[in-house]
Amino acid sequence: MIAGRVNERHEAIIPVQMRGSARGFDVIIDTGFQGSHLMLPRVVIDALGLTRTGTVRIRLANERVVRISSYTGEVAWHNGFKRVRVLESENSYLASADLLAGSHIEIDMIPGGVVRIDALAAV
């Protein structure tokens, strides 16, 4: 089980930790973000030593299309590690719907509320 919290802006926050790093960080669950697993600031990507795989085109919420750098890594997820694609951002820490695939999510949508993510049984 992965446990998180809801902040004062009603954002569901979960902790994540990348393989090879002793330091974890919090990310906002953004179910509108798809096509990758995480979005992290460049300074964090550099500190983690993630492998750059190229660039991808994405459509932002304001409908603008941009090209940004893409990286690969592994995140601690449920009882193991999950290979993830990470997109570079200026200052966003986001987890996408793709990262949450195969999970059951419960959110108490009040400030201080509980976020709980459990692995679904394999079908």
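Caption draft 1: Seen up close, the packing of aromatic side chains. Throughout the structure, instances matching the rule amount to one aromatic pair. Between phenylalanine 25 and tyrosine 93, the aromatic rings sit 6.0 Å apart at their centres with planes inclined by 55°, giving tilted as the arrangement. Here phenylalanine 25 is found in strand S3 (residues 25-30), whereas its partner tyrosine 93 is found in the loop between strand S7 (80-89) and strand S8 (94-96), with 68 residues between them in sequence. The ring of phenylalanine 81 carries arginine 19 above its face, with NZ or CZ at 3.8 Å from the centroid.

Caption draft 2: Structural context of the sheet that holds strand S2 (residues 12-16). Strand order in the open sheet formed by 10 strands is S5-S6-S7-S4-S8-S3-S2-S1-S10-S9, and the pairing between neighbours is mixed. Taken across any chain shown, the strands that pair with only one partner, and hence form the sheet edges, are strand S5 (51-59) and strand S9 (103-107). On average, each strand axis in the sheet is inclined to that of its neighbour by 35°, with strand direction left out of account. In terms of strand pairing, S3 meets S8 through three bridges, oriented parallel. Looking across to S8, one finds that isoleucine 29 is bridged to alanine 95.

Caption draft 3: Representation of the side chain of serine 96. Mapping serine 96 onto the fold places it in strand S8. Within the structure, the side chain of serine 96 is placed 3.1 Å from the backbone nitrogen of aspartate 98, a separation counted as a polar contact.

Caption draft 4: Quick look at the nonpolar core. One finds Ile14, Leu38 and Val86 to be the most contacted residues of the largest nonpolar core, which totals 24 residues. Apart from residues no more than four positions distant in its own chain, leucine 38 is found in contact with Met18, Val27, Phe33, Val84, Arg85, Val86, Leu87, Leu94, Ala95 and Leu99. Phe33, Val56, Ile58 and Leu94 belong to the second largest nonpolar core, which has eight residues in total.

Caption draft 5: Structural view of a nonpolar patch on the surface. Judged by side-chain polarity, Ile105, Ile107 and Met109 come together as a nonpolar surface patch covering roughly 230 Å² of accessible area. Along the chain, isoleucine 105 turns up in strand S9. The class for isoleucine 105 is partly exposed, based on a relative accessible area of 32%.

Caption draft 6: Representation of unusual backbone geometry in the model. One non-glycine residue, glutamate 63, lies in the positive phi region at around 75°. Mapping glutamate 63 onto the fold places it in the loop between S5 and strand S6 (65-77). Phi angles above zero are rare outside glycine, and histidine 78 is one such case at about 55°. Here histidine 78 lies in the loop between S6 and S7. Taking the relative accessible area as the measure of exposure, histidine 78 reaches 24% and is therefore partly exposed.

Thresholds applied
- Residues numbered from 1 in each chain as written.
- Predicted model: local features only at pLDDT ≥ 70, side-chain atom pairs only at ≥ 80, totals over all residues.
- Heavy atoms only, no water.
- Phe/Tyr/Trp six-rings, centres within 6.5 Å; stacked < 30°, edge-to-face > 60°.
- Helix = DSSP H or I, 4+ residues; strand = E, 2+ residues; numbered from the N terminus.
- Lys NZ or Arg CZ within 6 Å of the ring centre and 35° of its normal.
- Pairing = 2+ DSSP bridges.
- Axes fitted to C-alpha atoms, helices over the stretch in contact; angles between N-to-C directions.
- Polar contact = N/O pair within 3.5 Å; in protein donor to acceptor, adjacent residues only side chain to side chain.
- Core = buried A, V, L, I, M, F, W, Y, C linked by side-chain atoms within 4.5 Å.
- Buried < 20%, exposed > 50% of the residue type's maximum accessible area, 1.4 Å probe, protein only.
- Contact = heavy atoms within 4.5 Å.
- Patch = residues over 30% accessible without salt bridge, like charges linked within 9 Å, V, L, I, M, F, W, Y side chains within 5 Å.
- Areas by Shrake-Rupley, 256 points an atom, 1.4 Å probe, with all protein chains shown as cover.
- Salt bridge = Lys/Arg side-chain N within 4 Å of Asp/Glu carboxyl O.

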